[in-house]
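Fold and contact review
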Amino acid sequence: MPTTLITGANRGIGLGLARSYTARGWEVIACCRQPQDAQDLEALTRGAPTLRIEALDVTSAASIAALSDRLAVRAIDLLINNSGAIGPFPLVENLPRQRFGHLDLDLWMDVLKVNTLGPVKLAEALVEQVARSEQKKIVTLSSSVGSIGACDIAAMAYATSKAAVNKAMQLTASALREREIHVLTVCPGHVRTRMAMGGGELEVEESVEALVSLFARIDATHSGRFLSHTGEPIPW
């Protein structure tokens with residue numbers, strides 16, 4: 001059976017993806033920073049022998065390396081970089097720290113570590129596991145906020161982190177093309193999660209259904225691209 005590894009699987013889209021792939025009979029490696037606090041994810045493991053929970057802090061090179069060592073002999077068909085950070089909550093109070101004139105560089109670096117550096121380092125650490133699989137796919141959930149051509153918001157840390165991961169994954173796709181590993185970034189849509197602060201146009205289940213359908217269609221023609229959850233290209 002195919003295997004997917006999902007980061008940030010303890011809530012929101014990550015939990016929805018873990019639930020969907022488990023229901024489809026996949027082996028699911030569900031990663032989160034603090035498994036002991038992931039009650040919804042833990043509940044999902046009951047009666048689901050194909051799902052396992054792994055501790056992972058995507059901002060820690062040591063944590064990423066340890067995960068790679070634990071999975072050294074595994075094959076991972078679909079690596080989903082889902083973990084993301086918009087900045088510290090409450091967001092309304094802290095958002096000014098991402099605006100020009102009030103920029104908090106420590107906050108900016110924290111967001112970059114989660115949204116940009118973590119996904120790239122994890123892809124690098126697990127590339128051999130992906131390479132030995134049948135499907136050979138690496139997907140990073142990004143955001144249209146990172147599109148220079150389509151979006152202009154004031155949250156500089158978040159927006160630049162997404163723009164950066166889009167470019168990083170485009171370069172990763174080029175580096176891995178000869179190994180027939182397909183790498184792309186995808187915007188899941190404006191989903192009603194904690195990060196949306198009560199807003200959003202899609203329920204988690206709607207986004208997940210579209211994402212799973214899109215991921216199943218990924219081939220070499222998608223590698224290096226930035227797509228919406230429906231498969232439409234997003235301007236860089």
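Refer to the preceding data block for the structure.
In this report, the structure presented in the accompanying data block is examined. Fair warning: this is a prediction, and the values are worked out from it, not measured in the lab. (Residues numbered from 1 in each chain as written. Predicted model: local features only at pLDDT ≥ 70, side-chain atom pairs only at ≥ 80, totals over all residues. Heavy atoms only, no water.)

1. Side note on the overall build of the protein chain
We apply this condition: Working definition: helices are DSSP H or I runs of at least four residues, strands are E runs of at least two. Numbering for both runs from the N terminus. Note on method: radius of gyration uses C-alpha positions; expected globular size equals 2.2 Å times residues raised to 0.38. Accessibility here uses a 1.4 Å probe with only protein chains present; expressed as a share of the type maximum, an area under 20% marks a residue as buried, one over 50% as exposed, and anything in between as partly exposed. Between two residues, a contact is recorded if the distance between any of their heavy atoms is within 4.5 Å. All accessible areas in this document rest on Shrake-Rupley with a 1.4 Å probe, and a residue is counted as covered only by the protein chains that are shown. Counted as positive: Lys and Arg. Counted as negative: Asp and Glu. His and the chain ends are not counted at all. Positions of charges follow a simple convention, taking NZ of Lys, CZ of Arg, CG of Asp or CD of Glu.
Looking only at helices and strands, one finds eight helices and seven strands in the protein chain. By the compact-globule yardstick of 18 Å for 236 residues, the protein chain fits well, its C-alpha radius of gyration being 17 Å. Within the protein chain, the proportion of its 236 residues that are buried is 50%. The long-range share in the protein chain, meaning contacts at least 24 apart out of those at least 6 apart in sequence, stands at 68%. Surface accessibility of the protein chain: about 11100 Å² in total, with carbon and sulfur atoms responsible for 53%. Across the protein chain, the 23 positively charged side chains and the 25 negatively charged ones have centroids separated by 2 Å.

2. Re the pairing of strand S1 (residues 3–6)
Let me state the cut-off plainly: At least two bridges found by DSSP between two strands is the condition for calling them paired. By convention, orient the strands away from the viewer: a clockwise path from the first strand over the helix to the second makes the crossover right-handed.
Here S1 shows two buried faces, one formed by Thr3 and Leu5 and the other by Thr4 and Ile6. Where S1 and strand S2 (residues 27–32) come together, four bridges link them in parallel fashion. Each bridged residue has a counterpart across the sheet, and for isoleucine 6 the counterpart in S2 is alanine 30. At this point the chain moves from S1, through helix H1 (residues 12–23), to the parallel S2, and the crossover so formed is right-handed. Here S1 pairs with strand S4 (residues 78–81) via three bridges, running parallel. Among the inter-strand pairings, threonine 4 is bridged to a residue of S4, identified as leucine 78.

3. Some words on the packing of helix H3 (residues 61–70) against helix H5 (residues 105–125)
Each pair of packed helices gets described by two things: the angle between the helix axes and the distance between those axes. As a reminder of what qualifies: Fitted lines through C-alpha atoms give the axes, limited to the stretch in contact for helices. The angle between two N-to-C directions lies from 0 to 180 degrees. Every angle not falling under 35 degrees, over 145, or within 65 to 115 is termed oblique; those three ranges are roughly parallel, roughly antiparallel and roughly perpendicular. The hand of a helix crossing depends on one turn: near helix anticlockwise from the far one by less than a right angle means left-handed, and clockwise means right-handed. For this scheme, ten residues count as nonpolar: Ala, Val, Leu, Ile, Met, Phe, Trp, Tyr, Cys and Pro. Four count as charged, namely Asp, Glu, Lys and Arg, and the remainder, Gly too, count as polar.
Look at H3 against H5: their axes get within 10 Å of each other, and the N-to-C directions meet at 30°. It follows that H3 is roughly parallel to H5 by the angle criterion. Between H3 and H5 the crossing geometry is right-handed. Contact residues: H3 offers Ile64, Leu67 and Ser68, while H5 offers Gly118, Lys121, Leu122 and Ala125. In terms of residue class, the contact of H3 with H5 is made up of four nonpolar, two polar and one charged.

4. Observations concerning the environment of alanine 72
Tracing the chain through its elements places alanine 72 in the loop between H3 and S4. A residue is classified by how much of its surface remains accessible, and alanine 72, at 39% relative accessible area, is partly exposed. A C-alpha to C-alpha distance of 8.4 Å links alanine 72 and glutamate 128, two positions 56 residues apart in sequence. Here alanine 72 is in contact with Gln129 and Arg132, once residues within four sequence places are set aside.

5. A look at the packing of H5 against helix H7 (residues 156–176)
Between H5 and H7, the shortest axis-to-axis distance is 9 Å and the interhelical angle comes to 20°. When the axis of H5 is compared with that of H7, the two are roughly parallel. Judged by the twist between their axes, the crossing of H5 over H7 is right-handed. When H5 is examined against H7, the residues Leu107, Trp108, Val111, Leu112, Asn115, Thr116, Pro119 and Val120 are found in contact with a partner set consisting of Met156, Ala157, Tyr158, Thr160, Ser161, Lys162, Ala164, Val165, Ala168 and Met169. The class makeup of the residues in the contact of H5 with H7 is 13 nonpolar, four polar and one charged.

6. Considerations on H7
Put simply, the test is: Helix span, as expected, comes to 1.5 Å for every residue beyond the first.
Taking 1.5 Å of rise per residue, the 21 residues of H7 would be expected to cover 30 Å, and the 30 Å separating its terminal C-alpha atoms lies within 8% of that figure. Taken together, the buried residues of H7 touch S4, H5, helix H6 (127–131), strand S5 (137–141), strand S6 (182–187) and strand S7 (226–228).

7. Remarks on the state of the cysteines
Cut-off, in case you're wondering: In plain terms, two cysteine sulfur atoms within 2.5 Å form what is called a disulfide here.
A full pass over the atoms with the stated rule returns zero disulfides. As a non-bridged cysteine, cysteine 31 has cysteine 32 as the owner of its nearest cysteine sulfur, 7.7 Å distant.

8. Looking at the pattern of salt bridges
Note on pairing: side chains with opposite charge can pair once their charged atoms come close. The condition that has to hold: The rule for a salt bridge is simple: a side-chain nitrogen of Lys or Arg has to be within 4 Å of a carboxyl oxygen of Asp or Glu.
For the coordinates displayed, the defined rule picks out seven salt bridges. Residue arginine 97 pairs with aspartate 104 through a salt bridge whose shortest N-O separation is 2.7 Å. Taking the shortest distance from any N to any O, the salt bridge between glutamate 124 and lysine 121 comes out at 3.1 Å. Of the two residues, glutamate 124 and lysine 121 are both situated in helix H5; the distance of three residues between them amounts to about one turn of the helix. One connected set of salt bridges, linked through shared partners, spans Arg52, Glu54 and Arg70.

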